[in-house]
Amino acid sequence: MAEVGEIIEGCRLPVLRRNQDNEDEWPLAEILSVKDISGRKLFYVHYIDFNKRLDEWVTHERLDLKKIQFPKKEAKTPTKNGLPGSRPGSPEREVPASAQASGKTLPIPVQITLRFNLPKEREAIPGGEPDQPLSSSSCLQPNHRSTKRKVEVVSPATPVPSETAPTSVFPQNGSARRAVAAQPGRKRKSNCLGTDEDSQDSSDGIPSAPRMTGSLVSDRSHDDIVTRMKNIECIELGRHRLKPWYFSPYPQELTTLPVLYLCEFCLKYGRSLKCLQRHLTKCDLRHPPGNEIYRKGTISFFEIDGRKNKSYSQNLCLLAKCFLDHKTLYYDTDPFLFYVMTEYDCKGFHIVGYFSKEKESTEDYNVACILTLPPYQRRGYGKLLIEFSYELSKVEGKTGTPEKPLSDLGLLSYRSYWSQTILEILMGLKSESGERPQITINEISEITSIKKEDVISTLQYLNLINYYKGQYILTLSEDIVDGHERAMLKRLLRIDSKCLHFTPKDWSKRGKW
């Protein structure tokens, strides 16, 4: 068994931790740093296959020294400017293929017929003309017991719907199957869009080089041992104390403080409570700087120009970096607009979350960074931020998509929002003259301002797209309908477009910067 003094950076060994069920477990972890405080050694560990926000300092009592794995000498990297070089990242967890979910069999499923438009340049769909809706004779009739129709799930070898070939939508008995098809008609971007089933991450999770147009995608090639470790112990913001999840480049002298104090209105930081109290006597802000463009009840949104309010924007980025690992921080905030959501009470407008967007985006991004602060998470504010970003896109007359890659929590929120928004439209369709309702992907995109690629990937994620008798169909099972209705009952916070006072600017004219 190894001794405590033999543990060095790069070692891997099981470490004791408590899981969500308050049970002890021993996951494999990597030692990132070692420090000595008053003669007692502390070890900063990263749990392999766990999110970095769970990294922590532990004592040697929690280490299983019997199973220690020392780093190989040839794996070490040379130092740069006197600092340790970046070590190979922890092995990424493989995303398992979507498993098939079993469900109950329903005697009479709900039926909806939709028509998709697929691109004309793609291969023609066998059995039908590109612009001709499915005829009634081809529709699946659940009451005909003498014949059984076969519904084929889209597979990578099957032509995939995009925007211009006809499809029909049928119901499916039981739960939706989880087989996810290959992404159709995607416009691949080498440094942002990826190849996974939801196109949320690039092939290696990072762009090949940092973009110079204001993108906040993190260039992970410059990661070193410093940026892999949390450097702020605790942040006091108003009545909340926040424990940061990730590294943020606050000044070095502040990283040794037990608590970092922030003014909740201007976000300036101080090293002590007295500094904060002295600042509050001089700070006359009771809301974020900029224009209030939305207010309903206690919820308000402020639009902040990164050029006109540079100090606030930089402080906001520093705070956000504590909770965002997939984004980097550029002190040049001029190319960005920041939309800060606040909650009002008698003391002022308290920040809940925010999202930023480029003034000019060549990739149709309507969000660069998006964050709900931890005290306000799991209360519906994340979807409210996402809904507001698409409401702005509607006013601008554009379709939009968030900048990739998304964090794990951001990905869950966007998946949920896209699913609920699209299902809300499909279930709200009404038939005319006894025929099944029809809609195209382009129409869904225009109604919601969700980019067509995201609409298609969401339909595939929900496993609604199937291939039947030469045509593409959507199947809505009772399980999906019931689940959607239950989710919408819980979604109490919604954006009211009547309360939005927003005039988009043409940022291509540099004079408006």
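Residues numbered from 1 in each chain as written. Predicted model: local features only at pLDDT ≥ 70, side-chain atom pairs only at ≥ 80, totals over all residues. Heavy atoms only, no water.

Looking at an unreviewed UniProt entry, one finds the protein named Histone acetyltransferase KAT5, with Equus caballus as its source organism. Turning to the protein, the UniProt record has this under Sequence similarities (unreviewed entry): "Belongs to the MYST (SAS/MOZ) family." (UniProt positions renumbered as here; feature names shortened; annotations may be inferred.)

Asker: Is there a simple way to explain unusual backbone geometry in this structure?
Answerer: Keep in mind that most residues, glycine aside, have a negative phi and that most peptide bonds are trans. The omega torsion across K404 and P405 is 0°, close enough to zero to call that bond cis. Its place among the elements puts P405 in the loop between β19 (401-402) and α4 (408-427). Of note, R378 is a non-glycine position whose phi angle comes to about 65°, a positive value. Looking at the secondary structure, you find R378 in the loop between β18 (369-372) and α3 (381-396). (Helix = DSSP H or I, 4+ residues; strand = E, 2+ residues; numbered from the N terminus.)

Asker: How should the sheet that holds strand β10 (residues 240-242) be read in this particular structure?
Answerer: Spatial ordering of the open sheet is given by β10-β9-β11-β12, a layout of four strands whose pairing is mixed. Only two strands of the sheet have a single neighbouring strand rather than two, namely β10 and β12 (269-270). Here strand β11 (residues 260-262) runs beside β12; their pairing, made up of two bridges, is antiparallel. Directly across from Y261, in β12, lies its bridge partner G270. (Pairing = 2+ DSSP bridges.)

Asker: What should I look at first to understand the packing of aromatic side chains in this one?
Answerer: Within a pair of aromatic rings, the relevant descriptors are the distance that separates the centres and the angle that separates the planes. For the structure on display, the rule yields 18 aromatic pairs. Both rings, one in Y294 and one in F388, keep their centres 5.7 Å apart while their planes meet at 70°; by these two values the pair is edge-to-face. Here F388 lies in helix α3 and Y294 lies in strand β13 (residues 291-296), a separation of 94 residues in the sequence. Ring centres of Y344 and F349 lie 4.7 Å apart, and the angle between their planes is 45°; this geometry places the pair in the tilted category. The exposure class assigned to Y344 is partly exposed, which follows from its relative accessible area of 42%. (Phe/Tyr/Trp six-rings, centres within 6.5 Å; stacked < 30°, edge-to-face > 60°. Buried < 20%, exposed > 50% of the residue type's maximum accessible area, 1.4 Å probe, protein only.)

Asker: When you look at the UniProt feature "active site" (unreviewed entry) in the protein in this model, what are you seeing that I'm missing?
Answerer: UniProt feature "active site" (unreviewed entry): in the numbering of this structure it lies at E403. Summarising the element assignment, E403 is placed in the loop between β19 and α4.

Asker: When you look at the layout of surface pockets in this model, what are you seeing that I'm missing?
Answerer: Sizing a probe to match a water molecule and rolling it over the atoms shows the empty space that remains. Approximately 1,200 Å³ is the volume found for the second largest pocket. Secondary-structure elements contributing two or more residues to the lining of the second largest pocket are β18, α3, α4 and α7 (478-490). Here the element with the most residues in the lining of the second largest pocket is α4; it accounts for eleven residues. Partitioning the lining of the second largest pocket into residue classes produces 20 nonpolar, 14 polar and eleven charged. (1 Å grid on protein atoms, 1.4 Å probe; cavity = no way out; pocket = protein on both sides within 12 Å on 5 of 7 lines; lining within 4 Å. Points joined across faces, edges and corners; volume = space filled by probe spheres on them. Nonpolar A, V, L, I, M, F, W, Y, C, P; charged D, E, K, R; others polar.)

Asker: Explanation requested: the nonpolar core in the structure shown.
Answerer: Considering soluble globular proteins, one finds that nonpolar side chains tend to be buried as a cluster. Judged by nonpolar contacts, the single largest core of 80 residues is most densely connected at F301, L319, Y354, F388, L426 and L464. If you look at the next biggest cluster of nonpolar residues, it comprises 14 residues, including I7, V15, A29 and I68. (Core = buried A, V, L, I, M, F, W, Y, C linked by side-chain atoms within 4.5 Å.)

Asker: Even after reading the chapter, I still don't get the pattern of salt bridges, so can you show me in this structure?
Answerer: For side chains bearing opposite charge, pairing can occur when the charged atoms are close. As enumerated under the stated definition, the model contains 20 salt bridges in all. With a closest N to O distance of 2.8 Å, E56 and R62 form a salt bridge. Among the residues examined, E56 registers a relative accessible area of 25% and is labelled partly exposed. Of the residues examined, R62 reaches a relative accessible area of 23% and is grouped as partly exposed. (Salt bridge = Lys/Arg side-chain N within 4 Å of Asp/Glu carboxyl O.)

Asker: Can you walk me through α7 in this structure?
Answerer: One full turn of an α-helix is made of 3.6 residues, so residues set three or four places apart face in the same direction. For α7, which comprises 13 residues, the first-to-last C-alpha distance of 19 Å matches the rise-based estimate of 18 Å (1.5 Å per residue) to within 8%. Among the residues of α7, those classed as buried are I480, V481, H484 and M488. Projected down its long axis, α7 shows its buried positions confined to an angular sector of 100°, all on one face. Residues R486, L489 and K490 are exposed on α7 and point more than 90 degrees away from its buried face. The secondary structure elements touched by the buried residues of α7 are α4. (Expected span 1.5 Å × (residues − 1). Arc of directions from axis to C-beta. Contact = heavy atoms within 4.5 Å.)

Asker: What is the right way to look at the pairing of β13 in this model?
Answerer: Residues in a regular strand point their side chains to alternate faces of the sheet. In this structure, β13 lies alongside strand β14 (residues 299-305), joined through five bridges in antiparallel fashion. Counted as the bridge partner of Y294 is F301 from β14. Hairpin connection, β13 to β14: the antiparallel pair is bridged by two residues, and G297 has positive phi, about 65°.

Asker: Explain the packing of α3 against α4 to me, please; I cannot follow it from the model alone.
Answerer: Each pair of packed helices can be described by the angle between their axes along with the distance between the axes. Here α3 crosses α4 at 60°, and the two axes come no closer than 10 Å. With respect to α4, the axis of α3 lies oblique. Once α3 is placed against α4, the crossing between them reads as right-handed. Residue-level contacts link K383, I386, E387, S389 and Y390 of α3 to S413, Y414, S416, Y417, W418 and Q420 of α4. (Axes fitted to C-alpha atoms, helices over the stretch in contact; angles between N-to-C directions. Parallel < 35°, antiparallel > 145°, perpendicular 65-115°, else oblique. Left-handed = near helix turned anticlockwise from the far one by under 90°.)

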